[in-house]
Amino acid sequence: MTKESREALIVAHGQPSAPVPPELWLQGFAKAVNNHLPTWTIRAATLAMPGAVERQVAEMQSGSPVFPMFMADGFFVSRMLPKRLGDADLPILPPLGFDVFLPDLVVDRVKQTLADLDWNEAQSHLLLAAHGSAKGPKAAESARAFQNALSKRFDTLQISVGFVEEAPFIADAGKALPPQSLCLPFFALEGDHCRQDIPEALEEAGFSGPTLPPLGTWRETAKLVADALPHGR
């Protein structure tokens, strides 16, 4: 594969109950990634859109990378995605949640947000709202590893984790936090969990602080993905 013909496929979970909006959003995200790699062809497909992954795979060159827009390497990345790729020779890269530069990106955003709010770091708290899973440990492990990576980069900011699908649930983790608390959805796309489940859980907890956009939707994330592709720089 020559430099001029490089390509990659970005795959996200999507929304099974309403597959079209996330599919369209991911295509837009792929264009944003393409802006950083103008000589590449950046494709996109969600697992939730019937046949979308297979249609893209059928047109791809052997050896082209697949980037999972997922926060963990659980069932969908380790089992479902390879199954959907079939026999195609398309290496799967580490998911977004494992990107080594993602914690630094979050630190910059959180510090800027604290400064904009005129909040002192030592008196503030960051709540990671993550998916979790009742079916396996991978989702929670990824969130806790990210929590640990962030904690190493802050001097005094307290960081905790709450989950949608396992304990500690967000509604419990969000209780009794200091007034100067932020919530960060540890999600790749803005689906029903971010639009409904997390706000409802925070309301139940009496959490009144700001909620940042899901990580995958940040403007800076497109460059992060572009840089993660082999020879992307």
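Below is a summary of the structure that appears in this document. (Residues numbered from 1 in each chain as written. Predicted model: local features only at pLDDT ≥ 70, side-chain atom pairs only at ≥ 80, totals over all residues. Heavy atoms only, no water.)

1. Re the layout of surface pockets
- In this structure, the largest pocket encloses a volume near 1,100 Å³.
- What lines the largest pocket is a set of 40 residues, among which His13, Phe70, Phe76, His131 and His193 lie closest to the centre.
- Sorting the residues of the lining of the largest pocket by element identifies helix H1 (20-36), helix H3 (75-85), helix H5 (138-151) and helix H7 (192-205) as the ones contributing at least two each.
- The element best represented in the lining of the largest pocket is H3, accounting for 5 residues. (1 Å grid on protein atoms, 1.4 Å probe; cavity = no way out; pocket = protein on both sides within 12 Å on 5 of 7 lines; lining within 4 Å. Points joined across faces, edges and corners; volume = space filled by probe spheres on them. Helix = DSSP H or I, 4+ residues; strand = E, 2+ residues; numbered from the N terminus.)

2. A look at the side chain of Gln15
- Position of Gln15 among the secondary structure elements: in the loop between strand S1 (7-12) and H1.
- Of note is the side chain of Gln15, whose polar atom sits 3.0 Å from the side chain of Asp192.
- Beyond its immediate chain neighbours, meaning those up to four positions away, Gln15 contacts Pro22, Ala48, Gly191 and Asp192. (Polar contact = N/O pair within 3.5 Å; in protein donor to acceptor, adjacent residues only side chain to side chain. Contact = heavy atoms within 4.5 Å.)

3. A short note on the packing of H1 against helix H8 (residues 221-228)
- Packing of H1 against H8 brings their axes to within 8 Å, and their N-to-C directions diverge by 60°. Read as a crossing pair, H1 and H8 show a hand that is right-handed. When H1 is examined against H8, the residues Phe29, Ala32, Val33 and His36 are found in contact with a partner set consisting of Thr221, Ala222, Lys223, Val225 and Ala226.
- Among the residues forming the contact of H1 with H8, the class breakdown is 6 nonpolar, 2 polar and 1 charged. (Axes fitted to C-alpha atoms, helices over the stretch in contact; angles between N-to-C directions. Left-handed = near helix turned anticlockwise from the far one by under 90°. Nonpolar A, V, L, I, M, F, W, Y, C, P; charged D, E, K, R; others polar.)

4. Quick word on the sheet that holds strand S2 (residues 41-46)
- Sheet architecture is open: 3 strands sit in the order S2-S1-S3, paired in parallel fashion. Looking at the sheet topology across the chains shown, the edges are occupied by S2 and strand S3 (66-69). The sheet shows a mean angle of 25° between the axes of neighbouring strands, taken without regard to direction.
- Pairing of S1 with S2, which is carried by 6 bridges, proceeds in the parallel orientation. Within S2, the position partnered with Ala12 by the bridge is Thr46. (Pairing = 2+ DSSP bridges.)

5. Points about the nonpolar core
- Formed by 48 residues in total, the largest nonpolar core has its most connected members in Ile10, Ile42, Met69, Leu96, Val110 and Leu215.
- If you tally residues by element for this core, the top one is helix H4 (residues 102-117), at 6 residues.
- Contacts of Ile10, omitting those with residues within four sequence positions, involve Leu26, Phe29, Ala30, Val33, Ile42, Arg43, Ala44, Ala45, Phe67, Met69 and Val225.
- The next biggest cluster of nonpolar side chains, apart from the first, holds 15 residues, and it includes Met60, Leu81, Leu85 and Leu90. (Core = buried A, V, L, I, M, F, W, Y, C linked by side-chain atoms within 4.5 Å. Buried < 20%, exposed > 50% of the residue type's maximum accessible area, 1.4 Å probe, protein only.)

6. Comments concerning the sheet that holds strand S5 (residues 158-163)
- A sheet is described by the order of its strands in space; here 3 strands give the open sequence S5-S4-S6, paired in parallel fashion. The open sheet has two edge strands, S5 and strand S6 (181-185), and neither has a second partner. Taking the axes of each pair of neighbouring strands and ignoring which way they run, one obtains an average angle of 25° across the sheet.
- Running over the sheet, H4 touches strand S4 (125-130) and S6 and is turned about 145° from S6.
- Packing of H7 onto the sheet brings it into contact with S4 and S6, and relative to S6 it is tilted by some 150°.

7. With respect to the pairing of S4
- The buried fraction of S4 is high, at 6 of 6 residues.
- Sheet topology note: the S4/S5 ladder contains 6 bridges and is parallel. Paired with His125 across the bridge in S5 is Gln158.
- What joins S4 to S5 is H5, and the crossover it makes is right-handed.
- Two elements, S4 and S6, share 5 bridges in a ladder whose sense is parallel. Paired with Ala129 across the strands is Pro185, a residue of S6. (Right-handed = clockwise from strand over helix to strand, strands pointing away.)

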